[in-house]
Number of protein chains: 2
Amino acid sequence: MAKPTLRDVATVAGVSVGTVSYALNGKGRVDPDTRERIRRIAAELGYSADPVARGLRSGRTATLGMALGTVVGQRRDDILSFEWYGRVTTAAAQAAFEAEHGLLLVPAVHDAGQLRRMAFDGLIVVEPGEGDPRLAAIAGLGIPAVALGRDSTGRIAHQVAPDTDAVVAGLLDHLAAQGATRIVALAPDMPWEWAERSIIAYRRWCATRGVQPDAVRVPPPAQLSACTMSESARTAALAVLRDDPPDAILALCLGFGVGVLAAARELGLRVPHDLLLAQDSDEPALHTTDPPITAVDLFPESQARTAVTTLLELLRGAHPASELNTPTELRARASSQQRHG
Amino acid sequence: MAKPTLRDVATVAGVSVGTVSYALNGKGRVDPDTRERIRRIAAELGYSADPVARGLRSGRTATLGMALGTVVGQRRDDILSFEWYGRVTTAAAQAAFEAEHGLLLVPAVHDAGQLRRMAFDGLIVVEPGEGDPRLAAIAGLGIPAVALGRDSTGRIAHQVAPDTDAVVAGLLDHLAAQGATRIVALAPDMPWEWAERSIIAYRRWCATRGVQPDAVRVPPPAQLSACTMSESARTAALAVLRDDPPDAILALCLGFGVGVLAAARELGLRVPHDLLLAQDSDEPALHTTDPPITAVDLFPESQARTAVTTLLELLRGAHPASELNTPTELRARASSQQRHG
DNA sequence: TTGTAGGCGTTATCAG
DNA sequence: CTGATAACGCCTACAA
């Protein structure tokens, strides 16, 4: 009744354990007939190699860790988009599974000892931040790691992320094509790598076009949730739109687009008639606003799959590219469609 | 440089491996001084028990599996709310971690053999459906399982879910209190346990109040995503609202509220003035509609934590309650607030 | 072609 | 109180 082992199969087949092992996993060595017989018996018994024993023997657990950005503790209101997490984790689990690996979810920990308790061959670090305490812990582990999102400190050699520059430039091109001449960028005042990058990309685009950049840093709320972020953006947008309003706003953070739309409505500005609006990363809430808000799909599934395959390559001893860009796609919606001829 | 083992610690401390093991994990048996010395040396060397070896020896992996409802394959457009998944998985990982366990994400598989490849002590089955192929595979595993969401087939003995009846009754009470006299319920025409339960709860509530129930089953779209569900609900709502419109609609599925709101707008019905609207489960999109839509927070984090603790109790040999209800909370928003004095 | 034996790191048992 | 030893299940080098 208990799970059959190699021994059980060997006993039934009348051969030694070694032969069974070779028959099931080895290349040649075993007589084809014997192999077939053993295979059949193994299948009949429902034999399947114990992953733990195999792991001890091989030093591999066939498991990848995914270090979430979640803080350790009861309250976890510091995640901007659980939707993004859901898409990333399910896609990563799926990709790992297809490569015969498991995916272990690891909460954010700062202690290498806590990580050692968990068994995995490599680690995907989700959105490492500047001065992220996870990085030190991971360095002490001595296992391959891949960052999902960029790591400015360079502590993680391999990074998978969407091409922020292309995303920002694409949105600005789109807004300009719709008639925008003065585009204000709204970015969170946080030490997030993509936020910095977005601002730089915005400035560069403005320089190329010979227009004056106007990047507003939005002070972050105490708790980082979609709601509070929208609220912060609303306040900042009210100030921007009150005097000398631009003809377009580029929201560079989840939740910002919704906040800007609320501010515009309060001031009697109509989107897209009086103000064009777009956000860098797409989210479900942008579909249901009135008007729906233009944004870029960053394909979290694609990011997750790339991170998984990159990590697997590292484990195989290969040398994948150290920076991998994942695809993105602009979703033009009513908020940025100028209706004039 | 390599990870130190018990042997290394034993060598340095000048004792046997067994003594080191007992010093670090055992109760008494070891001389306090020796124990302290071994502890110090282990810490200095950065020793930490190998989870795989410990697993082989103990038969426990200190890992919980979470079987997602995701279909195996590239396309995964059959998930209604990734936000819900994100909240559930991160919370479960956190809860497991706090109990010194890992959380392994398992894609939906129908083959017990595939599951055997992964190492976990128990399994949380997310939203088991009627005729769910996962259930057969899990049954063949012979390990404890807990359902997150109800399992109508009773194949999983322990279930954790919000109290659907209370949710529906609470919403109906709320709508009635706001002046609704004829409430139509919109439910998906799918074999989902909570959908059936919701309808039954609705009928029971109507019977108690002595009013005629009017439950409309919405045919499901080909692909189950938030967008397509909204679209289906919109179509169904148009039919309902066109002739003899009720004064309230209760949307009993993610995405439905948004669809109903769109239908009402098309027909020139104003929410909440001409039509009250509420949905059973909350989602971010409901905050940003105009007006925002009333819904019930089902606290996925709470469900996840309860599922984890229940599974851990089963593993400890305890006998937890077979049906556990998790808390819920009505979030009254503008869509259901009658403005009349 | 097949059997034997050793060892991965940990823990339990038994002897000292 | 401590040391030696066996066993968990698997893989593989070596011997037959």
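The rules behind each value
Residues numbered from 1 in each chain as written. Chains lettered and ligands numbered in written order. Predicted model: local features only at pLDDT ≥ 70, side-chain atom pairs only at ≥ 80, totals over all residues. Heavy atoms only, no water. Near = heavy atom within 4 Å. Polar contact = N/O pair within 3.5 Å; in protein donor to acceptor, adjacent residues only side chain to side chain. Domains from an automatic or database assignment. Least-squares fit on C-alpha atoms with pLDDT ≥ 70 in both. Core = buried A, V, L, I, M, F, W, Y, C linked by side-chain atoms within 4.5 Å. Buried < 20%, exposed > 50% of the residue type's maximum accessible area, 1.4 Å probe, protein only. Contact = heavy atoms within 4.5 Å. Axes fitted to C-alpha atoms, helices over the stretch in contact; angles between N-to-C directions. Helix = DSSP H or I, 4+ residues; strand = E, 2+ residues; numbered from the N terminus. Parallel < 35°, antiparallel > 145°, perpendicular 65-115°, else oblique. Left-handed = near helix turned anticlockwise from the far one by under 90°. Nonpolar A, V, L, I, M, F, W, Y, C, P; charged D, E, K, R; others polar. Phe/Tyr/Trp six-rings, centres within 6.5 Å; stacked < 30°, edge-to-face > 60°. Lys NZ or Arg CZ within 6 Å of the ring centre and 35° of its normal. Expected span 1.5 Å × (residues − 1).

Undergrad: Explain the protein's contact with DNA strand C to me, please; I cannot follow it from the model alone.
TA: For DNA strand C, the set of nearby residues contains 22 residues, the closest of which are Thr19, Arg29 and Arg57 of chain A together with Leu6 and Tyr47 of chain B. When atoms of DNA strand C within 4 Å of the protein are sorted by moiety, sugar and phosphate together comprise 59%. For DNA strand C, a phosphate oxygen lies 2.6 Å from a polar atom in the side chain of Thr19 of chain A. Side-chain polar atom of Arg57 of chain A to a base nitrogen of DNA strand C: 2.8 Å apart, as the coordinates give it.

Undergrad: In this structure, what is going on with the domain arrangement of chain A? I would like to understand it.
TA: Interface extent is often summarised as the accessible area lost during association of the parts. When its domains are assigned, chain A resolves into domain 1 (6-49), domain 2 (63-162 + 301-325) and domain 3 (164-298 + 329-336). Averaged C-alpha coordinates put domain 1 of chain A and domain 3 of chain A at centres separated by 63 Å.

Undergrad: Would you mind showing me how to read the relation of the copies chain B and chain A here?
TA: One chain copy maps onto the other through a rotation about an axis and a shift parallel to that axis. Of the two same-sequence chains, chain B is brought onto chain A (RMSD 0.1 Å, axial shift 0.0 Å) by a rotation of 180 degrees. Look at the turn and shift together and you get a two-fold axis relating the two.

Undergrad: So what exactly am I meant to see when it comes to the nonpolar core here?
TA: Side chains of nonpolar character tend, in soluble globular proteins, to be buried together. Grouped together as the largest cluster of nonpolar side chains are 54 residues, with contacts concentrated most on Met66, Leu103 and Leu148 of chain A together with Met66, Leu103 and Leu148 of chain B. Apart from residues lying up to four places away in sequence, Met66 of chain B is in contact with Val88, Thr89, Ala92, Leu103, Leu104, Leu105, Val106, Leu123, Ile124, Val126 and Leu148 of chain B. Core analysis: the second largest hydrophobic core is formed by 36 residues, Leu135 and Ala145 of chain A together with Val109 and Met118 of chain B among them.

Undergrad: Explain the packing of helix α10 (residues 226-242) of chain A against helix α11 (residues 256-266) of chain A here, please?
TA: Each pair of packed helices can be described by the angle between their axes along with the distance between the axes. Residue and element names in this part refer to chain A. α11 packs onto α10 with a crossing angle of 45 degrees between their chain directions and a minimal axis gap of 7 Å. Here α10 lies oblique to α11, going by the angle between them. Crossing angle aside, the handedness with which α10 passes α11 is right-handed. The segment α10 lies against α11, with Met229, Ser230, Ala233, Arg234, Ala237, Leu238 and Leu241 engaging Phe256, Val258, Gly259, Val260, Ala262, Ala263, Ala264 and Glu266. The residue makeup of the contact of α10 with α11, split by class, is 11 nonpolar, two polar and two charged.

Undergrad: How do you make sense of the packing of aromatic side chains when you look at a structure like this?
TA: Describing an aromatic ring pair means giving the distance of the ring centres and the angle of the ring planes. A full pass over the atoms with the stated rule returns four aromatic pairs over all chains. Here the guanidinium or amino end of Arg117 of chain A rests over the ring plane of Phe97 of chain B, the centre of that ring lying 5.3 Å away.

Undergrad: I tried to follow helix α5 (residues 82-98) of chain B on my own but got confused; where do I start?
TA: The α-helix winds at 3.6 residues per turn, so residues separated by three or four positions along the chain end up facing the same way. All names here are of chain B. The terminal C-alpha atoms of α5 lie 24 Å apart, and with 17 residues this matches the ideal 24 Å at 1.5 Å per residue to within 8%. In terms of burial, α5 is largely enclosed, as 16 of its 17 residues are buried. In the segment just after α5, Glu100 is the residue with positive phi, at about 60 degrees.

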